[in-house]
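Report on the structure
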Amino acid sequence: MRGPGRWWRRKSTPQKVETYTRWSFYFFAVMEFFSVGFTSVAPLGARLGGAVMLVVAVHATIAFVTVSRAVDWTRGRRPQPVGLMWTLAAVTAAVSVAALGIAEHGPAGESVDTAAGGVFGVILVFGPGIIALGVRDRRRAFGIAAGFAAGTWVVTFALGASALTALFTALIVLIGGTFIAFTAVFSVWLLNAVYELDEARETRARLAVAEERLRFGRDLHDVMGRNLAVIALKSELAVQLAQRGRPEAVAQMVEVQRLAHESQREVREVVRGYREADLASELAGAQGVLTAAGIDCTVSGRTPSGLPTGVQSALGWVVREAATNVLRHGDARWCAVRLGGLEGRVVLSVENDGVTEAAEGAEASGSGLAGLRERLAQIDGTLEAGPAGKGLFRLTAEIPLPSESAPPEPLAAVPAVSEVMP
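Residues numbered from 1 in each chain as written. Predicted model: local features only at pLDDT ≥ 70, side-chain atom pairs only at ≥ 80, totals over all residues. Heavy atoms only, no water.

A word on the packing of helix H2 (residues 13–37) against helix H6 (residues 110–131). It is at 10 Å that the axes of H2 and H6 come closest, and there the two elements cross at 175°. In this view, H2 runs roughly antiparallel relative to H6, as classed from their interaxial angle. Residues Phe-28, Met-31, Glu-32, Ser-35 and Val-36 of H2 form the contact with H6, whose participating residues are Gly-118, Val-119, Val-122, Ile-123 and Phe-126. Looking at the contact of H2 with H6 residue by residue, the classes come out as 7 nonpolar, 2 polar and 1 charged. (Axes fitted to C-alpha atoms, helices over the stretch in contact; angles between N-to-C directions. Helix = DSSP H or I, 4+ residues; strand = E, 2+ residues; numbered from the N terminus. Parallel < 35°, antiparallel > 145°, perpendicular 65-115°, else oblique. Contact = heavy atoms within 4.5 Å. Nonpolar A, V, L, I, M, F, W, Y, C, P; charged D, E, K, R; others polar.)

Listed below in structure tokens is the structure:
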């Protein structure tokens, strides 16, 4: 059964921040209606209060839509909602002037003045702040609030208020509007920063893969370049000698054959070194990379001594693949790596939190895990991966040990990343 918070856990961190930003400003529009629109019916009467409530509802609706379009524009999904922003500004000004008119020339009574003043203040504070969402330059965003404050002084003074009263009212509008505008500017900056950090993490993972490919390519070039050049020269010499009927051609071809076999051996060594992962290095590397990504990674447990090279290599690949999945999928805050022996088997488990539903499927059925299962199957090992509770994902690898393996002993300290990584 899907829990009520399932939809939230499925989101990545940038998506969560975007959702929080949207609904924070949506709440401003909703609060505007219920705080001054809905409550104005009682003090202003059914007819006038109903009209004010309808006008405030229209303003809140336009503000709601402006928030949606402005956030989409911030993320590059829509064009800048210039027309909608001008519409919101015009409606904000019109509702504010109407509220002042009701306070000055409407029904007498302190409750009427309070209701009209509330509509005036809330509209003029929330309106400029929401418009600021659609402005990229922060100086323009604050300029919008200052412009509405200046207009407030002019209209209030023109309707008969004293210069000091008009200035005080404009100052309140300026402070409130600037605060909401600052909130909008900061929220947009934070949202963009979170997305950029997420993109940087993905870029870092791709660069790590590209760097490993370059290293492997350099190794192959160093191994094959010289041998292939010598083979080409000796083959050409052998052809020339054979054309002249010289017996030395046979010796040259024997040398070519020897170089070809040597090249095959060296290539196999390079590939074997690429495929075989050192367990201690992989544990240290995974801990370092995950910690750098802001994930609390711990390595603990017990392991039998004298693990065969093939077992260490297989476990190293499990650690590498698990760390890659933690970085690429989900939104983990911590990761725990446990290594130990159990009844003649070495067991490695990697558990992390914050796994989304999409990540669960990607991690459990990815091609990387399929390759690990094939690798472990060659040494009679098994691999299990899947959800391990609410928001948890666990990967467990078990490999049988040779009968002469020593009993478990404490896991050696994981070396620092600088000691195992160039």
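What follows is about the confidence of the model for the protein chain. Across the protein chain, the average pLDDT comes to 79, with 86% of residues at or above 70. At the low end of the mean pLDDT range in the protein chain sits helix H14 (residues 417–420), at 35; at the high end sits strand E5 (residues 392–400), at 90. Note on residues 405–422: pLDDT under 50 across the span, and 30 contacts to partners over four residues away in sequence or across chains. (pLDDT = per-residue confidence, 0-100.)

Another point: the packing of aromatic side chains. When we look at a pair of aromatic rings, we describe it by the centre distance and by the angle of the planes. Going through the model one piece at a time under the given rule, you end up with 8 aromatic pairs. A network of ring pairs unites the aromatic residues Trp-23, Tyr-26 and Phe-64 as a single cluster. The ring of Tyr-195 carries Arg-75 above its face, with NZ or CZ at 3.8 Å from the centroid. Its guanidinium or amino end placed over the ring of Trp-317, Arg-320 lies 4.3 Å from that ring's centre, counting from NZ or CZ. (Phe/Tyr/Trp six-rings, centres within 6.5 Å; stacked < 30°, edge-to-face > 60°. Lys NZ or Arg CZ within 6 Å of the ring centre and 35° of its normal.)

Before going further, it helps to spend a moment on the pairing of strand E4 (residues 382–387). With 6 bridges joining them, E4 and E5 adopt antiparallel strand pairing. Note on E5: the bridge partner recorded for Ala-385 is Leu-395. Where E4 folds back on E5, the antiparallel hairpin that results is connected by 4 residues, among which Gly-389 adopts a positive phi of roughly 130°. (Pairing = 2+ DSSP bridges.)

Our focus in this paragraph is the pairing of strand E3 (residues 345–353). Counting buried residues along E3, 8 of its 9 residues qualify, which places the element largely inside the surrounding structure. Across 7 bridges, strand E2 (residues 334–341) lies against E3 in antiparallel orientation. Counted as the bridge partner of Gly-340 is Val-347 from E3. Relative to E5, E3 runs antiparallel, the two sharing 9 bridges. When the bridges of E5 are listed, Ser-349 appears paired with Thr-396. (Buried < 20%, exposed > 50% of the residue type's maximum accessible area, 1.4 Å probe, protein only.)

A cluster of nonpolar residues, Trp-153, Val-154, Phe-157, Leu-164 and Leu-167, forms a patch on the protein surface that exposes about 510 Å² of accessible area. Of all the secondary-structure elements, those providing two or more residues to the nonpolar patch are helix H7 (138–158) and helix H8 (163–243). No other element matches H7, which puts 3 residues into the nonpolar patch. Of note, Phe-157 is situated in helix H7. (Patch = residues over 30% accessible without salt bridge, like charges linked within 9 Å, V, L, I, M, F, W, Y side chains within 5 Å. Areas by Shrake-Rupley, 256 points an atom, 1.4 Å probe, with all protein chains shown as cover. Salt bridge = Lys/Arg side-chain N within 4 Å of Asp/Glu carboxyl O.)

This next bit is on helix H11 (residues 309–328). For H11, spanning 20 residues, the distance from its first C-alpha to its last is 29 Å, which sits close to the expected 28 Å at 1.5 Å a residue. Within H11, 14 of the 20 residues are buried, which leaves the element mostly enclosed by the surrounding structure. (Expected span 1.5 Å × (residues − 1).)

With 21 residues, H7 extends 31 Å from end C-alpha to end C-alpha; this agrees with the ideal 30 Å at 1.5 Å per step. Within the sequence span of H7, burial applies to Ala-141, Ile-144, Ala-145, Phe-148, Ala-149, Thr-152 and Thr-156. In a view along the axis of H7, the buried residues occupy a sector of 125°, so they form one face of it. Residues of H7 that are exposed and point over 90 degrees away from its buried face: Arg-139, Arg-140 and Ala-158. Capping of H7 at its N-terminal end is provided by Asp-137; its side-chain oxygen lies 3.1 Å from the backbone amide nitrogen of Arg-139. Residue Gly-160 follows H7 closely and has a positive phi angle near 110°. (Arc of directions from axis to C-beta. Polar contact = N/O pair within 3.5 Å; in protein donor to acceptor, adjacent residues only side chain to side chain.)

Throughout the structure, instances matching the rule amount to 13 salt bridges. The residue Glu-255 makes a salt bridge to Arg-258 at a minimum N-O spacing of 2.5 Å. Pair noted here: Glu-255 and Arg-258 are both in helix H9 (residues 248–275), with a separation of 3 residues, about one helical turn. We classify Glu-255 as partly exposed; its relative accessible area is 24%. Accessibility expressed as a relative area gives 41% for Arg-258, which makes it partly exposed. Glu-262 serves as the salt-bridge partner of Arg-258, at 3.1 Å between the closest nitrogen and oxygen. In this pair, Arg-258 and Glu-262 are both assigned in helix H9, 4 residues apart and thus about one turn of the helix distant. Given a relative accessible area of 19%, Glu-262 falls into the buried group. Because the salt bridges share partners, they merge into one network encompassing Glu-18, Arg-22, Asp-72, Arg-77 and Arg-78.

With that settled, the discussion passes to the environment of Pro-81. Mapped onto the fold, Pro-81 is located in the loop between helix H4 (46–74) and helix H5 (82–105). Those residues in contact with Pro-81 that sit more than four places away from it in its chain are Arg-69, Ala-70 and Trp-73.

The subject of this paragraph is the environment of Leu-190. Checked against the element boundaries, Leu-190 lands in helix H8. In this structure the C-alpha to C-alpha distance between Leu-190 and Glu-18, which are 172 residues apart in sequence, comes to 9.4 Å.

Positive phi is not limited to glycine here, since Asp-380 has a value of about 65°. Along the chain, Asp-380 turns up in the loop between helix H13 (367–377) and E4.

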